[in-house]
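Observations on chain architecture
Here are the chains, one letter per residue:
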Amino acid sequence: MCAALTDLLGRVSLFAELEPAELEMLSRAAERREFVRDEVIFAANEPADGLYVLASGRVKVCVSSSGGKELILATLGPEQFFGEMALLDNEPRSASVIAQLPTVAYRIRRDEFERLIEQHPAIARKLMRELSLRLRRSNAQMESLATLDVVGRLARYFIDLARQHGQILGNGWVAVRRPTHQDIANTIGTSRETVTRLINDLEQRGLVVNEGKMSYLRESVLSGEEG
Ligand code: CMP
């Protein structure tokens, strides 16, 4: 059995307390799926087929209006999971999940997920903790959309992006794989043009540097020291 997959599953908070033998069983039951950038992993309202654990890449969780306007609720990265809600409440998918980068995920079937929760109370506890964390983040996003102007929302966006997906370089900069301006706009409720204009301004002030697929953010921006 693939030791790398067993290791990955052991690092997922949900499964951290499983014994090695259980992790191995789980890794045998997991099905590897690969997605290209912008590929829809599943769409809102589809029936649920399983829980997904991210091995690499990044996904966005989003809902769309009938007019095609997209709101991004969250972005998730390696060792995080998605697709648990529809399994827990037996409803269709609550949102669409789309690859933001080339992504590898492992799918765990519904029956296996249910068996794990029944046999391991620690998994149920971790699940509730993660759901609470996501609810807190959603509350913060709602607060930000309702109370901050667009400059404040972009600053808050970069802070969250750096905390959740950033790599601290130790020289006053944080590196992140750059999301598109459209995805940033769809998270903070503004137009792509506005995001481009604001980021150009941050670049001119030396607070954001874009290079290849990466963005480098000044830590002072993220701690709110810069206006
Ligand atoms: P499910 O409803 O099965 O399919 C969509 C998934 O997106 C959902 O499970 C969660 O895993 C995830 N999701 C939905 N809403 C949020 C949110 N507000 N924050 C983070 N993840 C979410």
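Calculation notes
- Residues numbered from 1 in each chain as written.
- Predicted model: local features only at pLDDT ≥ 70, side-chain atom pairs only at ≥ 80, totals over all residues.
- Heavy atoms only, no water.
- Near = heavy atom within 4 Å.
- Polar contact = N/O pair within 3.5 Å; in protein donor to acceptor, adjacent residues only side chain to side chain.
- 1 Å grid on protein atoms, 1.4 Å probe; cavity = no way out; pocket = protein on both sides within 12 Å on 5 of 7 lines; lining within 4 Å.
- Sits in = over half its atoms within 2 Å of the grid points.
- Helix = DSSP H or I, 4+ residues; strand = E, 2+ residues; numbered from the N terminus.
- Domains from an automatic or database assignment.
- Contact = heavy atoms within 4.5 Å.
- Buried area = accessible area lost by both parts, 1.4 Å probe.
- Salt bridge = Lys/Arg side-chain N within 4 Å of Asp/Glu carboxyl O.
- Phe/Tyr/Trp six-rings, centres within 6.5 Å; stacked < 30°, edge-to-face > 60°.
- Buried < 20%, exposed > 50% of the residue type's maximum accessible area, 1.4 Å probe, protein only.
- Axes fitted to C-alpha atoms, helices over the stretch in contact; angles between N-to-C directions.
- Parallel < 35°, antiparallel > 145°, perpendicular 65-115°, else oblique.
- Left-handed = near helix turned anticlockwise from the far one by under 90°.
- Nonpolar A, V, L, I, M, F, W, Y, C, P; charged D, E, K, R; others polar.
- Pairing = 2+ DSSP bridges.
- Arc of directions from axis to C-beta.

1. A few points about the site of the ligand
- Around the ligand sit 14 residues, and of these G83, E84, R93, S94 and S138 come closest.
- Interatomic distance of 2.7 Å between a side-chain N/O atom of R93 and an oxygen atom of the ligand.
- A molecule is said to occupy a pocket when more than half its atoms come within 2 Å of that pocket's grid points, and by this definition the ligand occupies the largest pocket.
- Of all the elements in the fold, those that place two or more residues in the shell around the ligand are strand 5 (70–76), helix 3 (84–89) and helix 5 (121–147).

2. What to know about the domain arrangement of the protein chain
- Taken domain by domain, the protein chain holds domain 1 (2–138) and domain 2 (146–222).
- On a C-alpha basis, the centres of domain 1 and domain 2 stand 26 Å from each other.
- Of the residues lining the interface, 14 residues belong to domain 1; the matching set on domain 2 comes to ten residues.
- Of the roughly 1000 Å² buried between domain 1 and domain 2, counting both surfaces, carbon and sulfur atoms make up 41%.
- Of all residues in domain 1, R58, I72 and T75 bury the most surface against domain 2, accounting for 43% of the area lost on that side.
- Between D183 and K60 there is a salt bridge, with its nearest N and O atoms 2.8 Å apart.
- Applying the counting criterion to the domain 1 and domain 2 interface returns six residue pairs in polar contact (both at pLDDT 80 or more).
- For the side of domain 1 that touches domain 2, the leading source of residues is strand 5, giving five residues.

3. Overview of the packing of aromatic side chains
- A complete count under the given rule lists four aromatic pairs for this structure.
- With centroids separated by 5.6 Å and ring planes inclined at 55 degrees, the aromatic side chains of F42 and Y52 adopt a geometry described as tilted. Here the residue F42 occupies a position in strand 2 (residues 40–42), and Y52 occupies one in strand 3 (residues 50–56), the gap between them amounting to ten residues.
- Taking relative accessible area as the criterion, F42 reaches 5% and is therefore assigned buried.
- Classification of Y52 by relative accessible area gives buried; the value is 1%.
- Every member of this aromatic cluster is reached through a ring pair, and the members are F42, Y52 and F82.

4. So, the packing of helix 6 (residues 150–165) against helix 7 (residues 181–188)
- Helix 7 packs onto helix 6 with a crossing angle of 110 degrees between their chain directions and a minimal axis gap of 10 Å. Overall, the two elements helix 6 and helix 7 adopt an arrangement that is roughly perpendicular. Helix 7 is crossed by helix 6, and the crossing has right-handed handedness. Taken together, the residues of helix 7 that come into contact with helix 6 (itself represented by V150, R153, L154 and Y157) are I184, T187 and I188.
- Residue classes in the contact of helix 6 with helix 7 are distributed as five nonpolar, one polar and one charged.

5. Examining the sheet that holds strand 3
- A sheet is described by the order of its strands in space; here four strands give the open sequence 1-8-3-6, paired in antiparallel fashion. The strands lining the two open edges of the sheet, one partner per strand, are strand 1 (31–35) and strand 6 (81–82).
- The strands touched by helix 4 (residues 110–119) within the sheet are strand 3 and strand 8 (103–109), with strand 8 carrying the most contacts at an inclination of about 70 degrees.

6. Overview of helix 1 (residues 3–11)
- For helix 1, the set of buried residues is L5, T6, L8 and L9. Projection of helix 1 onto a plane perpendicular to its axis shows the buried side chains occupying an angular sector of 160 degrees, all on one side.

7. A closer look at the side chain of S96
- Following the sequence through the fold, S96 ends up in strand 7 (residues 96–99).
- The buried category is assigned to S96, whose relative accessible area is 15%.
- Polar contacts involving the side chain of S96 include one to the main-chain amide nitrogen of A44, which spans 2.9 Å.
- Excluding residues within four positions of it along the chain, S96 makes contact with F42, A43, A44, K60, V61 and C62.

8. Thoughts on the pattern of salt bridges
- According to the stated counting rule, one finds 17 salt bridges in the structure shown.
- Measuring nitrogen to oxygen at the nearest pair gives 2.8 Å for the salt bridge that ties E34 to R32.
- For R32, a relative accessible area of 46% gives the class partly exposed.
- Across the pair R134 and E130 runs a salt bridge whose closest N-O atoms are separated by 2.9 Å. Taken together, the residues R134 and E130, both in helix 5 and four residues apart, mark about one turn of the helix. The residues R134 and E130 share a single accessibility class, namely buried.
- Among the charged side chains, a salt-bridge network with shared partners connects E31, D49, R93 and R107.

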